[in-house]
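Coordinates in review
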Amino acid sequence: MQLRSQIEAAIADAPGIVTPEAVARACSSLGLSATSFCDLFAKEVAQAYLDGSISWSDGDAAMNALSGYFFVHLPKDVPFPDYAFGAFLAFDAGEALEEPDNERTTKQQLVALQE
């Protein structure tokens, strides 16, 4: 996982958000744009959740933290991270449901994003 430390920090800092400073550091270190960072972060969260490396609640926490960045701090002239938004919506859809429906719904939506 390229962004494992950022994902783990987002989970540990929940309900905080991924800060603009953290995104800037990661983008500089990895040579990514903010949009690419968001989409790669979300892809890694989705893959980790789908392969069982992280729990549904950790995936949800990570995506809520990332959405706090892209909804509030992403510069207006930067393309919106479509994959990250879709992954956020997949976990968000599960928040309204009881177990195991929350996981089933999230998994279905994440798999559909990858197609």
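Here goes a summary of the coordinates provided. Only a predicted model underlies this, so the values are computations on that prediction, with no experimental measurement involved. (Residues numbered from 1 in each chain as written. Predicted model: local features only at pLDDT ≥ 70, side-chain atom pairs only at ≥ 80, totals over all residues. Heavy atoms only, no water.)

**Some remarks on helix H6 (residues 101-114)**
Keep this limit in mind: Starting at the N terminus, helices and strands are each numbered in turn, a helix being any DSSP run of H or I of at least four residues and a strand any DSSP run of E of at least two. Expected helix span is given by 1.5 Å per residue-to-residue step, counting one fewer step than there are residues. We call two residues in contact when some of their heavy atoms are within 4.5 Å.
Across its 14 residues, H6 extends 20 Å between first and last C-alpha, which sits within 8% of the 20 Å expected from 1.5 Å per residue. If you follow the buried residues of H6, they end up packed against helix H3 (34-50), helix H4 (56-72) and helix H5 (82-95).

**As for the pattern of salt bridges**
Short version of the rule: The salt bridge definition used is simple: a Lys or Arg side-chain nitrogen within 4 Å of an Asp or Glu carboxyl oxygen. Under the scheme applied here, a residue whose accessible area is under 20% of the maximum for its type counts as buried, over 50% as exposed, and between as partly exposed, the area being computed with a 1.4 Å probe on protein chains only.
Scanning the entire structure with this criterion turns up two salt bridges. Here Arg-4 and Glu-8 are joined by a salt bridge, their closest N and O atoms 2.8 Å apart. Within this pair, Arg-4 and its partner Glu-8 are both found in helix H1 (residues 4-12), separated by four residues, close to a single helical turn. On the basis of relative accessibility, which here comes to 41%, the residue Arg-4 falls in the partly exposed class. Of the charged contacts in the structure, one is a salt bridge between Arg-104 and Asp-101, with a shortest N-O distance of 2.3 Å. With Arg-104 and Asp-101 both in helix H6, this residue pair falls three residues apart, about one helical turn.

**Some points on the packing of aromatic side chains**
A ring pair, where both rings are aromatic, is described by two values, the distance of the centres and the angle of the planes. The following threshold applies: The rule is short: rings of Phe, Tyr and Trp, with Trp giving its six-membered ring, pair when the centres are within 6.5 Å, and they are stacked under 30 degrees, edge-to-face over 60, tilted in between. Definition used: whenever NZ (Lys) or CZ (Arg) falls within 6 Å of the ring centre and also within 35 degrees of the ring normal, the charge is taken to sit over that ring.
Tallying each qualifying case throughout the model produces 11 aromatic pairs. A ring pair is formed by Trp-56 and Phe-91, whose centres lie 6.3 Å apart and whose planes are at 45°; its orientation type is tilted. Residue Trp-56 is located in helix H4, and its partner Phe-91 is located in helix H5; the two are separated by 35 residues in the primary sequence. Taking the centre distance of 5.6 Å and the plane angle of 70° together, the rings of Phe-80 and Phe-85 count as edge-to-face. Relative accessible area serves as the criterion here: at 35%, Phe-80 is assigned to the partly exposed category. Classification of Phe-85 by relative accessible area gives partly exposed; the value is 29%. Three or more aromatic residues joined by ring pairs make a cluster, and in this case those are Phe-70, Phe-71, Phe-80, Phe-85 and Phe-88. When the ring centre of Tyr-83 is taken as reference, the NZ or CZ atom of Lys-43 above it lies at 5.3 Å.

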